[in-house]
Structure formats: C-alpha cells, structure tokens
Amino acid sequence: MKQAILDGMATVEPLSPAEEALWRAVMRIVKVIPRHLDSDLTRGAGLTASEYTTIMHLSEAPNRELRMADLASATDLSASRMTRLVDDLQSRGLVTKAASSSDARGNVAKLTPRGMAKLKSAWPVHLASVRRCFFDSIEPAALEEVARALAEVAVHLEDGSGQP
C-alpha cells in the first residue's frame with residue numbers, strides 16, 4: 001500500500017515556484033489568523049472566536065435559535081465541544097438551551113437579548129481584527145481577484161470534488 005502511494009506520487013508534477021509560494025502563504029495564514037482573531041476578541045470583547053462565531057450563527061438563524069447539532073456543524077465544532085461552549089454561554093446569560101419542541105431528543109440553543117447585545121459590542125472588535133489581520137495586507141486592486149480565486153477553491157472543497 002505504502003509503495004503504491006509513493007509510486008503515484010512520483011507522477012505528480014511538483015509545484016511551480018509561484019504555486020509553492022502561494023501554498024506556503026495560505027498554510028501560514030490558516031495557522032496564524034485564528035490565534036490573532038481569538039486574541040483580539042478575547043482582549044477586546046471578552047469572547048473567544050468560537051463563542052463569537054456561535055452567537056453570530058444564532059443571531060442569523062430564524063428566531064435566533066438552532067438545534068445543537070446544526071450549530072456544531074455551522075461552527076465546525078464537535079458535538080461535545082459545542083455542548084460545553086453553549087453551557088458556558090448559558091451560564092453567562094448569553095444563550096438559553098432547551099429541549100426541542102419538535103424533537104424531544106435534541107436540544108436547541110437560543111440567543112438571548114443579552115447575547116445579542118454582546119454580539120453587537122463584539123462586532124466592531126471582530127471587524128477591526130479581520131481588517132488588520134487580513135484585508136490591510138491586500139492591495140485594493142487585487143481584492144476581487146483574490147476573493148474570486150479563494151471562493152473557487154472553497155466551492156471545489158465544499159462540493160466534495162476536492163476529495164480523493
């Protein structure tokens with residue numbers, strides 16, 4: 001099996017210098033940006049990036065509520081991690097959690113008015129961080145082309161065609 005993988009790799013064309021530079025830059029960004037965003041949000045708004053993302057998704061949902069499984073999926077967190085996060089947000093009065101009225105086996109998280117106020121106060125901190133960490137480093141003339149290229153990659157990966 002291992003030899004078959006190595007044999008297949010021998011036929012893969014190496015990255016060009018431009019491709020290699022872009023790939024390495026993307027990998028550095030993927031590694032570093034979450035730390036910066038989390039640090040800025042924690043310091044400036046008293047929320048982690050995961051907490052911010054969770055209450056943001058709730059704010060955008062109908063009735064500001066989502067099933068826990070859907071919320072975990074939307075935030076790309078495990079079910080157990082989402083449960084701990086929502087329990088913490090609930091202890092701070094930012095969300096409530098209750099059994100689903102349509103399916104008693106599931107729970108629903110709902111954003112409280114206090115949670116919405118927290119999101120609104122954190123939003124400018126988040127925007128400033130995103131701008132400083134990402135957009136301030138991209139020339140305005142290149143913005144549309146960068147957005148188009150990254151959106152194409154995202155669609156390719158999300159529709160499954162990026163899988164072996």
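Everything numeric here is computed off the predicted structure, so don't read it as measured data.

Draft legend 1. A look at the environment of Ala79. With respect to the element layout, Ala79 can be found in helix α5 (residues 79–91). In this structure, the C-alpha to C-alpha distance between Ala79 and Phe135, residues 56 residues apart in sequence, is 32 Å.

Draft legend 2. Region of the structure containing the packing of helix α4 (residues 68–75) against α5. One can describe the packing of α4 onto α5 by two numbers: an axis separation of 9 Å at closest approach and a directional angle of 105°. In terms of axis orientation, α4 runs roughly perpendicular to α5. Facing α4, whose interface residues are Met68, Leu71, Ala72 and Thr75, α5 presents Ala79, Met82, Thr83 and Val86. Looking at the contact of α4 with α5 residue by residue, the classes come out as six nonpolar, two polar and no charged.

Draft legend 3. Local environment of the pairing of strand β3 (residues 107–111). Sheet analysis places strand β1 (residues 65–67) next to β3, joined by three bridges and oriented antiparallel. Residue pairing for β3: Arg67 is matched across the bridge by Val108. Note: strand β2 (residues 95–99) against β3, five bridges, orientation antiparallel. Its bridge partner lying in β3, Lys97 is registered against Ala109.

The rules behind each value
Residues numbered from 1 in each chain as written. Predicted model: local features only at pLDDT ≥ 70, side-chain atom pairs only at ≥ 80, totals over all residues. Heavy atoms only, no water. Helix = DSSP H or I, 4+ residues; strand = E, 2+ residues; numbered from the N terminus. Axes fitted to C-alpha atoms, helices over the stretch in contact; angles between N-to-C directions. Parallel < 35°, antiparallel > 145°, perpendicular 65-115°, else oblique. Contact = heavy atoms within 4.5 Å. Nonpolar A, V, L, I, M, F, W, Y, C, P; charged D, E, K, R; others polar. Pairing = 2+ DSSP bridges.

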